[in-house]
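Architecture at a glance
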Amino acid sequence: MDFKLKIWRQRDAADAGRFENYVAKGISPDASVLEMLDVINRELVAAGKDPIAFDHDCREGICGSCGLVINGGVHGPFEHNTTCELRMRRFHDGDTIVLEPFRSRAFPIIKDLVVNRTALDRIMQAGGYVTVKTGQAPEANAIPVPKKIADEAMDAAQCIGCGACVATCPNGSAMLFVAAKVSQLALLPQGKAERKERVIAMIRQMDKEGFGACSNTYACEAKCPKGISVEHIARLNREYLRAGFGSK
Amino acid sequence: MALTGFFLVSFLIFHLTVNLFLFEGTGGDFSKFGAFLGSFPAIRPIEWILFGGFILHFCLGAYVWLKNRRARPHGYGVKGTSKTIKLSSRLSIYTGLAILAFLAWHLLQFFVASRFSGSTVNMYELVAREFSLLYVVALYELFFVILGFHLKHGFQALFQSLGLRTARYRGFIDAVGVVIWLLIPAGFASIPLVMYFGGAR
Ligand code: HEM
Ligand code: FES
């Protein structure tokens, strides 16, 4: 398959950046967007030019490293996939494809399509953990958890922290990410002990990082590669309110 | 935003209920209600709380809007589309500002007249006089469309912000929401129309 590409190039954080045009020829329909970039980069390197920088790691939709805005859609124009899972067969031969980095004040651009998402890590460091003695994992049946609660916690734990919610939110808000992390812990007995301190610390860090505020557009849910529900945002709000009103 | 919004929706329901007595015609309970509320001792503090509610709601909205504009200094080259982002949510700040502007005019029309004119005004006649003017009726109708749009986003958002819009209650909240954003503005909107075309009684 052949494609015309418009790709955001930016030397470093200080550079203004611009779109540049490329052509991709003879791309396999089974190649992912990232593999198409690999092909282009091989040609660029052979020609002595600077290859296009982009983030990736697992390339199977589980690590959360990749993330491009493709034709205006975060992780592409479709739903519930990561950039690395998006195959070129979903486009038409000869299409023009526009590749841009995630845009958010809290995600400054490092180079080309690579953005710095450590703001999400700092939110996790602020409270996204349980303080327990390390040692052997306990026996699975030692703490019984109702199936429904376990399922909800698992749904929240699906979050791979890619930042698509931030990138797609018209307000650049990280609420879905924080909601998933808070939910996952608040639902389970191990996480309940610190639920109050956790939600306050994580929200405070989220605000400090310069993310926007949720205005309930639910755009995040639609573009989350893992389909994490905004119901978790409702839970986050509930956790925050109960922490504020002092009940344990 | 959620709490002040809920408060303002409650006010709207109360206000609409009282206003529907306008259909009784002159000498009906509308003017009696006005007189009763006017003589109610706690009405002044309640008024201040109401105005405070409007102002607080506006200030919080403006703060969120400004904060969210700053959160994405550089936009996307290709504007994406979203199935979930409704125009009503993106326009909230503008519909809100329109409501504020309407409110100023509306208060000058009715509230200032009843409250500061000294003499006792027959509120029914004042309303009937205003709603015999075509441009007043047209502006009110336009405003109620805007109000409905504001509530369309606001009502369900309020429950999400309070953490109550869970999978279990989502359907119920959205159903009540339709009643709120369609019926409240429609109820208000019926009044100028009926009074203009039906004539004062
Ligand atoms: C057909 C539509 C409406 C009519 C006929 C109407 C009529 C009135 C009248 C007669 C008063 C004066 C009451 C008095 O002080 O004796 C009043 C007050 C007021 N109206 Fe409306 N109104 C309408 C719609 C609205 C809407 C949609 C809003 C909100 C956005 C609103 C907000 C207010 C407020 C805040 C006051 C002042 C309340 C107070 O402190 O006394 N009105 N209205
Ligand atoms: S590279 Fe790991 S999720 Fe895409």
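Residues numbered from 1 in each chain as written. Chains lettered and ligands numbered in written order. Predicted model: local features only at pLDDT ≥ 70, side-chain atom pairs only at ≥ 80, totals over all residues. Heavy atoms only, no water.

Comments concerning the domain arrangement of chain A
All names here are of chain A. Per the domain assignment, the segments of chain A are domain 1 (3-111) and domain 2 (118-245). In this structure, domain 1 and domain 2 have C-alpha centres spaced 29 Å apart. Facing 21 residues of domain 1, the contacting portion of domain 2 comprises 20 residues. Summed over the three residues of domain 1 that lose the most area to domain 2, namely Val74, His80 and Phe107, the buried surface amounts to 36% of that side. At the junction of domain 1 and domain 2, the tally comes to 0 salt bridges. Where domain 1 touches domain 2, the interface holds 5 residue pairs in polar contact (both at pLDDT 80 or more). (Domains from an automatic or database assignment. Contact = heavy atoms within 4.5 Å. Buried area = accessible area lost by both parts, 1.4 Å probe. Salt bridge = Lys/Arg side-chain N within 4 Å of Asp/Glu carboxyl O. Polar contact = N/O pair within 3.5 Å; in protein donor to acceptor, adjacent residues only side chain to side chain.)

Regarding the side chain of Lys223(A)
All names here are of chain A. Turning to its location among the elements, Lys223 is positioned in helix 8 (residues 219-223). For Lys223, which is buried and forms no salt bridge, the nearest opposite charge comes from Glu79, at a distance of 6.5 Å. At 2.7 Å, the side chain of Lys223 forms a polar contact with the backbone oxygen of Gly76. Apart from residues no more than four positions distant in its own chain, Lys223 is found in contact with Gly73, Val74, Gly76, Pro77, Phe78, Ala164 and Thr168. (Helix = DSSP H or I, 4+ residues; strand = E, 2+ residues; numbered from the N terminus. Buried < 20%, exposed > 50% of the residue type's maximum accessible area, 1.4 Å probe, protein only. Lys, Arg positive; Asp, Glu negative; His and termini not counted.)

Some words on the coordination of the iron atom of ligand 1
All names here are of chain B. For the iron atom of ligand 1, the full set of protein donor atoms is His15 (NE2) and His106 (NE2), and the range of their distances to it is 2.0 Å. One can describe the donor arrangement at the iron atom of ligand 1 as octahedral, given that its 6 donor atoms subtend angles of 84 to 179 degrees at the metal. With His15 in helix 1 (residues 2-20) and His106 in helix 5 (residues 92-116), this pair connects stretches of sequence that are 91 residues apart. (Donors = N, O, S within 2.8 Å, 3.2 Å for Na, K, Ca; no water. Tetrahedral: all angles 85-135°; square planar, octahedral: opposite > 155°, others 65-115°.)

Brief notes about the site of ligand 1
Residue and element names in this part refer to chain B. Near ligand 1 lie 22 residues; those nearest to it are His15, Asn19, Glu47, His106 and Ser114. Measuring from a nitrogen atom of ligand 1, one finds a side-chain N or O atom of His15 at 2.7 Å. Take His106: an N or O atom from its side chain is 2.7 Å from a nitrogen atom of ligand 1. If you list the elements that add at least two residues to the shell around ligand 1, you get helix 1, helix 3 (43-70), helix 5, helix 7 (134-161) and helix 8 (167-198). The element that contributes the greatest number of residues to the shell around ligand 1 is helix 5, accounting for 7 residues. Across the shell around ligand 1, the residue classes tally to 17 nonpolar, 4 polar and 1 charged. (Near = heavy atom within 4 Å. Nonpolar A, V, L, I, M, F, W, Y, C, P; charged D, E, K, R; others polar.)

So, the nonpolar core
In a soluble, globular protein the nonpolar side chains are often hidden away together inside. In this structure, Leu37(A) and Phe211(A) are the most contacted members of the largest nonpolar core, which totals 65 residues. At 7 residues, the largest contribution of residues to this core is made by helix 5 (residues 175-186) of chain A. Mapping this core onto the domain boundaries places at least three of its residues in each of domain 1 (3-111) and domain 2 (118-245) of chain A. Val18(B), Phe143(B), Leu151(B) and Ile191(B) belong to the second largest nonpolar core, which has 34 residues in total. (Core = buried A, V, L, I, M, F, W, Y, C linked by side-chain atoms within 4.5 Å.)

Re the interface of chain B and chain A
On the side of chain A, 40 residues touch chain B, which itself brings 31 residues to the contact. Summed over both sides, the interface between chain B and chain A buries roughly 2800 Å², with carbon and sulfur atoms accounting for 49% of that surface. When the buried surface of chain B facing chain A is broken down by residue, Arg72(B), Tyr76(B) and Gln160(B) rank first, second and third, together holding 21% of it. At the boundary of chain B and chain A, one finds 2 salt bridges.

Here's the deal with the packing of helix 5 of chain B against helix 6 (residues 123-130) of chain B
All names here are of chain B. Relative to each other, helix 5 and helix 6 sit at 155 degrees, their axes nearing to 11 Å. On the basis of their axis angle, the class for helix 5 and helix 6 is roughly antiparallel. The two elements helix 5 and helix 6 meet at a crossing, and its hand is right-handed. Seen from helix 5, the contacting residues are Gln109, Phe110, Ala113 and Ser114; seen from helix 6, they are Met123, Leu126, Val127 and Glu130. Partitioned by chemical class, the residues of the contact of helix 5 with helix 6 number 5 nonpolar, 2 polar and 1 charged. (Axes fitted to C-alpha atoms, helices over the stretch in contact; angles between N-to-C directions. Parallel < 35°, antiparallel > 145°, perpendicular 65-115°, else oblique. Left-handed = near helix turned anticlockwise from the far one by under 90°.)

As for the environment of Glu139(A)
Residue and element names in this part refer to chain A. For Glu139, the location among the structural elements is in the loop between helix 2 (118-127) and helix 3 (147-157). The class for Glu139 is exposed, based on a relative accessible area of 54%. A distance of 3.1 Å separates a polar atom in the side chain of Glu139 from the backbone nitrogen of Asn141.

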